Structures are given as C-alpha cells and as structure tokens.
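Residues per chain are reported as follows:
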Amino acid sequence: LIIVPDGALWELPFQALITSSGKYLVEEQKISYAPSLGVLTALKSPATPKTNQKKFVAFANSIRKDSAALPEAEREASDVGKLYQPSSIFVKTAATESRVKTAATQTKILHLAVHGEIDQTD
C-alpha cells in the first residue's frame, strides 16, 4: 500500500488505522509513503536564495536562572559553525529567545545547544 498524503494528512498515522477485521492496518499491509506531485515539483525547482540569509546560526548556553551551563555546548556550536560558512554563534546572554526567533527565519541551518523543556500540554 503506497500512501500519498497531502497537507494535514501527513499528520494522520495511517498505519494505526483499524481495518474491518479489527487489526491495525500495518498488521495487514506493507505501507510506504510517497510525496505528492506538488512536493516533487517543488524539489526540482531551484530555491530562490534569500539575500541576507546566513548559512548557519548557533545558540549555546543561554542564561537561565534555574539551570546550569551545559558542558561543551559552546565548543560544540563553535566546532559545527566552522563546517558552515558564513555562520553566527550566540552564547550566554546573546542567546536570547527573540534572537532565535529572528534567526529561524533568516538562516538555512539553526543549531541549538541549549537546555530544553518538555511541556506535554503545548
């Protein structure tokens, strides 16, 4: 079974659907996914480069009152940044949430070497 979902259908776990025999679809079918023709067409089209786009932006050891610095995070960001030029690396007080949000729209690769927080409701 080859499924070519579009839009929000990529979020649907087809393999978990229940068949008429009461089994999961994945138990009765080999399932493959394929991109739509629109996706394939977009992949073949050359991307329009953003004029001010940086190739790599990294953030490391953002300052938080409730957490310690991550050992080696700044070195990690620096080492990875050497692989991608041009690059910008923000550490400690320069690694702000607002700067991450801005960089996310203006860079090809965004690297975060910071603490994460799992929030089951959001």
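Since this is a predicted model, take the numbers as computed values, not measurements. (Residues numbered from 1 in each chain as written. Predicted model: local features only at pLDDT ≥ 70, side-chain atom pairs only at ≥ 80, totals over all residues. Heavy atoms only, no water.)

Peer 1: It is not clear to me how the overall build of the protein chain should be interpreted in this structure. Could you clarify?
Peer 2: Across its full length, the protein chain carries four helices and five strands. Listing each helix as α and each strand as β along the protein chain from the N terminus yields β-α-β-α-β-α-β-α-β. Here the C-alpha radius of gyration of the protein chain, 21 Å, is well above what a compact globule of 122 residues would show, namely 14 Å. Expressed as lengths along the three principal axes of its C-alpha atoms, the size of the protein chain is roughly 60 × 40 × 25 Å. Across the 122 residues of the protein chain, 17% fall into the buried class. Total accessible area computed for the protein chain in this model is approximately 9,400 Å², and 56% of it derives from carbon and sulfur atoms. Across the protein chain, 14 positive and 13 negative side-chain charges occur, with their mean positions spaced 10 Å apart. (Helix = DSSP H or I, 4+ residues; strand = E, 2+ residues; numbered from the N terminus. Rg over C-alpha atoms; globule rule 2.2 N^0.38 Å. Buried < 20%, exposed > 50% of the residue type's maximum accessible area, 1.4 Å probe, protein only. Areas by Shrake-Rupley, 256 points an atom, 1.4 Å probe, with all protein chains shown as cover. Lys, Arg positive; Asp, Glu negative; His and termini not counted. Charge placed at Lys NZ, Arg CZ, Asp CG, Glu CD.)

Peer 1: Honestly, the nonpolar core in this entry has me stumped. Any pointers?
Peer 2: Of all hydrophobic cores here, the largest spans six residues; its members are Phe56, Ala58, Ala60, Ala73, Ala77 and Ala113. Looking at this core, the elements that each hand over two or more residues are strand E3 (54-60) and helix H3 (73-81). Other than its neighbours up to four places away in sequence, Ala77 contacts Phe56, Ala58, Ala60, Ile89 and His111. (Core = buried A, V, L, I, M, F, W, Y, C linked by side-chain atoms within 4.5 Å. Contact = heavy atoms within 4.5 Å.)

Peer 1: Is there a simple way to think about the pattern of salt bridges in this case?
Peer 2: Tallied over the entire structure, the rule returns four salt bridges. Among the ionic pairs, Glu72 bridges to Arg75, the shortest N-O distance being 2.6 Å. What makes Arg75 exposed here is its relative accessible area of 53%. Lys82 serves as the salt-bridge partner of Asp79, at 3.9 Å between the closest nitrogen and oxygen. You can call Asp79 partly exposed: its relative accessible area is 37%. When its relative accessible area of 60% is taken as the criterion, Lys82 is described as exposed. (Salt bridge = Lys/Arg side-chain N within 4 Å of Asp/Glu carboxyl O.)

Peer 1: Just to check I follow, could you spell out the environment of Pro35 for this structure?
Peer 2: Structurally, Pro35 can be placed in the loop between strand E2 (32-33) and helix H2 (37-44). A relative accessible area of 35% places Pro35 in the partly exposed class.

Peer 1: Where do I start with the packing of aromatic side chains in this structure?
Peer 2: The geometry of two aromatic rings is summed up by the distance between their centres and the angle between their planes. A full pass over the atoms with the stated rule returns four aromatic pairs. Both rings, one in Phe14 and one in Tyr33, keep their centres 6.3 Å apart while their planes meet at 55°; by these two values the pair is tilted. With Phe14 in the loop between strand E1 (2-3) and helix H1 (25-28) and Tyr33 in strand E2, this pair connects stretches of sequence that are 19 residues apart. Among the residues examined, Phe14 registers a relative accessible area of 14% and is labelled buried. A relative accessible area of 36% places Tyr33 in the partly exposed class. An aromatic cluster of three or more residues is present, and its members are Trp10, Phe14 and Tyr33. (Phe/Tyr/Trp six-rings, centres within 6.5 Å; stacked < 30°, edge-to-face > 60°.)

Peer 1: Would you explain unusual backbone geometry in this entry?
Peer 2: The backbone of Glu72 shows a phi angle near 75°, a positive value even though the residue is not glycine. Phi is positive for Lys92, close to 50°, though the residue is something other than glycine. Looking at where Lys92 falls in the secondary structure, it is placed in the loop between strand E4 (87-91) and helix H4 (97-104).

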